[in-house]
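Structure at a glance
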Amino acid sequence: MEQMINQTHIIDEMEVVEERIRSLLCRNISIMEMIEFIRTEKNTIFYFDRNLSEKKEGDSDIQYAWIDSGYCYKEDAVFISMLNYSGEFCGHFVGTAKFLVNGLIGHDAYSGKKYKQNLERFTKRYRSKAAQRQREHLMPLSMQDIRVSAIGRDTTMKKLLNKAGYEVEENVTDKDSDRNLISENPKQDEMTEVTAEIYHALLYPGWKSIHGLDRYIKIVGRRIEQLTEQEKTEYFVKNKVRSVIINSGLMDMFGKDYFILYRFHEKYKTYIAYKVMKGKKDYIENGFTKEQASIELKPIQFIDECCTSFEATMDEFDINQECLIHIVKERRERFPENLQEEPDNKIVEQLMLSLKRGLKIQMRDHSYAKVSYSGKSGKLTWLLPMHVNADFTEEPELVMVICKMDEFYEVKTILPYDNDLKDRITALSLYSKLW
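The rules behind each value
- For every chain, the first residue of the written sequence is number 1, and numbering continues from 1 along that sequence.
- With pLDDT at 70 or above as the cut-off, local features in this predicted model cover only qualifying residues; side-chain atom pairs require 80 or more to be listed or tallied, and sums for whole chains, interfaces and linings still use all residues.
- Excluding hydrogens and water, the side-chain figures rest on all heavy atoms present in the structure.
- Among buried residues, those of type Ala, Val, Leu, Ile, Met, Phe, Trp, Tyr and Cys that are joined through side-chain atoms within 4.5 Å constitute a nonpolar core.
- Only protein chains enter the calculation, and the probe is 1.4 Å; a residue is then buried if its accessible area is under 20% of its type maximum, exposed if over 50%, and partly exposed in between.
- For the purposes of this entry, the term helix denotes a DSSP run of H or I that reaches at least four residues, the term strand denotes a run of E that reaches at least two, and both are numbered from the N terminus.
- Contact between two residues is taken to exist if any of their heavy atoms lie within 4.5 Å; hydrogens are not considered.
- For every residue, the pLDDT score states the predictor's confidence, bounded by 0 at the bottom and 100 at the top.
- Any N or O atom pair separated by 3.5 Å or less is treated as a polar contact, with the protein-specific requirement of one donor-capable and one acceptor-capable atom, and with residues adjacent in sequence counted only for side-chain atom pairs.
- Pairing between strands is defined by DSSP: at least two bridges between them are needed.

1. Things to note about the nonpolar core
- Within the largest apolar cluster, 54 residues are counted, with the highest numbers of intra-cluster contacts made by Ile198, Tyr216, Ile217, Leu250 and Tyr262.
- It is helix α7 (residues 210–229) that provides the largest number of residues to this core, a total of seven residues.
- Residues in contact with Tyr216, not counting those within four places in the same chain, are Trp207, Ser248, Leu250, Ile300, Phe302, Ala427 and Leu430.
- Counting 24 residues, the second largest nonpolar core, distinct from the first, contains Ile35, Tyr47, Ile80 and Leu138.

Spelled out as structure tokens, the structure:
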């Protein structure tokens, strides 16, 4: 949850700040009291340049702002560090002055001596400035002396991450930056609130189940990462704390687009569906501008211009041993029972026959191969049917999953042609079944 301290200072992950301070103090704290302290007491915001020389508010070379939380770890004040974004300060890193400085030294050993000298100067000045307050510091809630685990608490963002398929481990530290991959098969009971709100009000409910829609909402978050990196601003608007609003491509019962707010989670470097936008007022309430509220966003797209179609011949395929072992040995149980009993070479023959026929049809009709988007890799895969016992004009029992690996295509695996797979196909062609 975002928390505005004032018009130019925003805590972008209030849950992270709260948990970090609680874990340092091993006691509960009052967020409302902390915000009140920052807003009303003297000398609670301090400014620094890139070398940690203290600056005055409004100086042109300000790089950091440290906000005094009011709480102390042992005898040292606990600060919230923010970065300067063109005059707007945003962040959520928490620690004592020494801790924050050591973090910078870890990234720039050459400037370490200068940082430490400036830290000593700041520490001396801080004591005199803090003494000018009515309340020099805040006291933890000693009546609720409960040890709180920083990661074990069920915060709003943790719940959103879990519902999005992320495993938030008990021992995650601030240094953990590797993003856990979104599950391609999310648990059935882990449904986002955004999905639940949208599902029964769709103009065209083309999903086999609500879980297909839920997967779509989640992979949109992965796609947003790519679109923001490519700076394709026709697909999103972004506020100062990196939250974005996108046109989901879904329409409600009145034919109006569903615009969804996705929040950026810094630690996991991903976007999580947070809220369905009801109108322009919601833009303003969530830190967007009036001008952004009037921008006509294009519906989200998963296929880049360089990958508009799938055209390949057998010469462009690498039918390698690793893939064949995986399909024939490790995924043998996916084939119909009568084919499972056949020798390996017979299964490979059936696979090759289906591939050749599929590519031949694809050359004549580019809509024959279906496209799927992976929330794990952020890449496209192509799906071709594999008929074993079913008639060629009927639904296939299996599909071949084809990926582009460097210069060649590979058949990576086979999947049952079930409702889950049909919903993956629907995700990239929302209205293909209308006529």
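This is not the end of the story, as more comes after the structure.
2. Re unusual backbone geometry
- You will see that Ser86, though not glycine, has its phi angle at about 55°, which is positive.
- With a phi close to 55°, Glu231 is a non-glycine residue in the positive phi region.
- Summarising the element assignment, Glu231 is placed in the loop between α7 and β8 (236–238).
- Glu231 gets classed as exposed once you look at its relative accessible area, which sits at 63%.

3. Structural notes on the confidence of the model for the protein chain
- This prediction gives the protein chain a mean pLDDT of 85; 86% of its residues lie at or above 70.
- By mean pLDDT, the top-scoring element of the protein chain is strand β9 (residues 244–251) (97), and the lowest-scoring one is helix α5 (residues 156–163) (59).
- When the criterion is pLDDT under 50, residues 143–154 qualifies, and its contacts beyond four places in sequence or with other chains add up to 25 contacts.
- Every residue in residues 167–189 is under pLDDT 50, and counting partners more than four places away or in other chains gives 47 contacts.

4. With respect to the side chain of Glu41
- Mapped onto the fold, Glu41 is located in the loop between α2 (31–40) and β3 (45–48).
- With relative accessibility at 12%, the residue Glu41 sits in the buried group.
- One polar contact links the side chain of Glu41 to the main-chain amide nitrogen of Gln134, over a distance of 3.1 Å.
- One polar contact links the side chain of Glu41 to the main-chain amide nitrogen of Arg135, over a distance of 3.4 Å.
- Non-local contacts of Glu41, meaning those with residues more than four positions away in its chain, are made with Glu36, Arg133, Gln134 and Arg135.

5. Section: the pairing of strand β14 (residues 398–405)
- Counting buried positions along β14 yields six of eight residues, so the element is predominantly enclosed.
- Where strand β13 (residues 380–386) meets β14, five bridges bridge the pair, whose relative direction is antiparallel. For Met386, the partnering residue across the bridge sits in β14 and is Leu398.
- Looking at chain direction, β14 and strand β15 (residues 408–416) are connected through eight bridges and run antiparallel. Across the sheet, residue Val401 finds its bridge partner in β15, namely Thr413.
- The hairpin formed by β14 and β15 contains two residues between the paired strands, and Asp406 there has a positive phi angle of roughly 60°.

6. So, the pairing of β9
- In terms of burial, β9 is largely enclosed, as seven of its eight residues are buried.
- Here three bridges tie β8 to β9, and the two strands are oriented antiparallel to one another. Looking at the pairing, Val237 lines up with Ile245 of β9.
- A loop of five residues connects β8 with β9, the two strands running antiparallel in sequence, and Arg242 in this loop sits at a positive phi of about 75°.
- Sheet analysis places β9 next to strand β10 (residues 257–265), joined by five bridges and oriented antiparallel. Considered in β10, the bridge of Asn247 is made with Phe259.
- Taken together, β9 and the strand that follows it, β10, pair antiparallel across an intervening segment of five residues, in which Gly255 is found at a positive phi of about 80°.

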